[in-house]
Amino acid sequence: MTDTGKAAQEADVSGGGPLVVLENVNKYFGELHVLKDIDLTIHRGEVVVVIGPSGGGKSTLCRTINRLEPIDDGTIRIDGHLLPEDGKELAQLRADVGMVFQSFNLFAHKTILQNVTLGPTKVKKTPAAEAEKYAMELLERVGIASQAEKYPAQLSGGQQQRAAIARALAMRPKVMLFDEPTSALDPEMIKEVLDVMTNLAAEGMTMVVVTHEMGFARASANKVVFMADGQIVEENTPEEFFTNAQSDRAKDFLSKILTH
Amino acid sequence: MNLHALLDFGPLQQNFGTVLKAFWGTIRLALLSGIGSLILGTVLAAMRVSPTPVLRGAGALYIYVFRNTPLTLVLLFCSLGLSDTLHLQISHDPSTNGFWLATIGMTIYTASFVCESLRAGINTVPLGQAEAARSIGLTFTQSLRLVVLPQAFRTVIAPLGSVFIAMIKNTTVALAAGYFEASAEMKQMFDTYGGTIPIFLGFAIGFMVLTLPTGFFFGWLSKRLAVAR
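Below is a summary of the structure that appears in this document. (Residues numbered from 1 in each chain as written. Chains lettered and ligands numbered in written order. Predicted model: local features only at pLDDT ≥ 70, side-chain atom pairs only at ≥ 80, totals over all residues. Heavy atoms only, no water.)

Attention now moves to the packing of helix H3 (residues 16–49) of chain B against helix H8 (residues 140–155) of chain B. Residues and elements named next belong to chain B. Two elements in contact, H3 and H8, have axes separated by 12 Å at closest approach and are oriented at 120 degrees. The angle between H3 and H8 falls in the class oblique. In this structure, H3 meets H8 at a crossing whose hand is right-handed. When H3 is examined against H8, the residues Leu38, Thr42, Ala46 and Val49 are found in contact with a partner set consisting of Phe140, Leu144, Leu149 and Phe153. (Axes fitted to C-alpha atoms, helices over the stretch in contact; angles between N-to-C directions. Helix = DSSP H or I, 4+ residues; strand = E, 2+ residues; numbered from the N terminus. Parallel < 35°, antiparallel > 145°, perpendicular 65-115°, else oblique. Left-handed = near helix turned anticlockwise from the far one by under 90°. Contact = heavy atoms within 4.5 Å.)

The structure is reproduced here in structure tokens:
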């Protein structure tokens, strides 16, 4: 991204109000306290990268935002609305929150095009022709329009993940969640997925990205959230975080991943 | 040894029309029960995986009851309980009435096996598929109908074939519900001509003509519709 682009985006961010607000969120897996008093505000147009050691609660945090994981305590608001418990309202809210999974999770029995049009036609009742047109635009954007009629198993991992991003975008979400989107990919495929994500960020999409890709965090994030042992240990701009981390835990983590 | 008893296909030839008609009765019963149990079994499977405890409990209770009751008892209940005691008459024609009672009994019984096969299939669909479905805003019912069940069905086509083959053979107890199908015709011929091997063989082959293609068809379908992962 160019410097001016980034500056413009930052100006945008300060103008956008809070979109996702987590307050005092706690979650347990049985005895295990996996999220401890999480407070986090994500503004409109902001790209928040969540990093930290494995088992620190990053993925769980990401999954609570569209309630794939229910929380035990606290509140999560999206665009001012409290996250509903279940039923139709929850389904509607999820339609506004795009999610990209580590293991792609494309619908195995449907073609790439059908994967992308399923949500719009069934949830938003978009006419099929219109949904297909937009789906093809999105597949074009992520660079796999020529694969539209294939089934997920016929595509490479990188292509599948790009299709999954298109599927999420087809719902015209307010915010996109990425749960370790490149962790299951071969190194050469990581770049093609990160390129798509970088473009999305530059276009002003609000994004929460759980990742180990420090390059992406440095280049595209507005904010880095460092999580360990179920807590947000540090929240900072990428420049500050990578050059001048405050907490010992973050310094320790960075020293392990940045020097070899 | 009486060779004559082994080779005399005369009674079968003389009654060929009646035998065919009796088998047609079997086919009608099997087809309708097959469709009925597929629908009811799918509904039951959906209940058993639903997030609502009451539905899950009701589904489980149904399976415990009907999977563990002998089919003859279910059919007898249909004819004695529903028809004779509760006077549930579907048709005034006893033969048509017997047909519907047998169909109801067979459907109720077979649905429990369809449900359990299907539930095994649902368990083979990776959790991520349902999560992805929910994440694009599909409701529970939609994600089951559009994403999970279509994949579950594809994985259990072969075992479902076995369920349906068993069901075709199970039609031979439909007489308990007062319905006349192939095995009833066989018993009648035994009464008339004595229990001869040719009659027995004829009916055994008749059933194989129905069940073998069923097995091949489901095997073929299973290969054709397999989901690549």
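Back to the write-up after that little detour.
For the rest of this paragraph, the subject is the packing of H8(B) against helix H9 (residues 157–170) of chain B. Residues and elements named next belong to chain B. Interhelical geometry of H8 versus H9 gives an angle of 65 degrees and a closest axis separation of 5 Å. Judged on the interaxial angle alone, H9 and H8 are roughly perpendicular. Every residue of H9 that contacts H8 at Phe153, Arg154 and Thr155 is listed here: Ile157, Pro159 and Leu160. For the contact of H8 with H9, a count of residues per class yields four nonpolar, one polar and one charged. (Nonpolar A, V, L, I, M, F, W, Y, C, P; charged D, E, K, R; others polar.)

All names here are of chain A. An order of E6-E7-E8-E3-E9-E10 is seen for the six strands of this open sheet, with the pairing classed as mixed. Two strands close off the open sheet at either side, each with one partner strand: strand E6 (97–100) and strand E10 (231–236). Going across the sheet, the axis of each strand differs from the next one's by a mean of 15 degrees, ignoring polarity. Direction of pairing for strand E7 (residues 175–179) relative to strand E8 (residues 206–210): parallel, over a ladder of five bridges. Looking across to E8, one finds that Asp179 is bridged to Val210. Taken strand by strand, helix H7 (residues 187–202) contacts strand E3 (47–51), E7 and E8, and its axis lies near 145 degrees from that of E8. (Pairing = 2+ DSSP bridges.)

If you walk through the whole model with that rule in mind, you get 17 salt bridges over all chains. Measuring nitrogen to oxygen at the nearest pair gives 3.6 Å for the salt bridge that ties Glu85(A) to Arg67(A). With Glu85(A) in the loop between strand E5 (81–82) and helix H3 (87–95) and Arg67(A) in the loop between helix H2 (58–64) and strand E4 (73–78), this residue pair connects regions lying 18 residues apart in the sequence. Glu192(A) serves as the salt-bridge partner of Arg162(A), at 2.9 Å between the closest nitrogen and oxygen. On the criterion of sequence distance, the pair formed by Arg162(A) in helix H6 (residues 157–169) and Glu192(A) in helix H7 is long-range, its members being 30 residues apart. For Glu192(A), a relative accessible area of 23% translates into the label partly exposed. Via salt bridges that share partners, Lys27(A), Arg63(A), Glu69(A) and Glu131(B) belong to a single interconnected network. (Salt bridge = Lys/Arg side-chain N within 4 Å of Asp/Glu carboxyl O. Buried < 20%, exposed > 50% of the residue type's maximum accessible area, 1.4 Å probe, protein only.)

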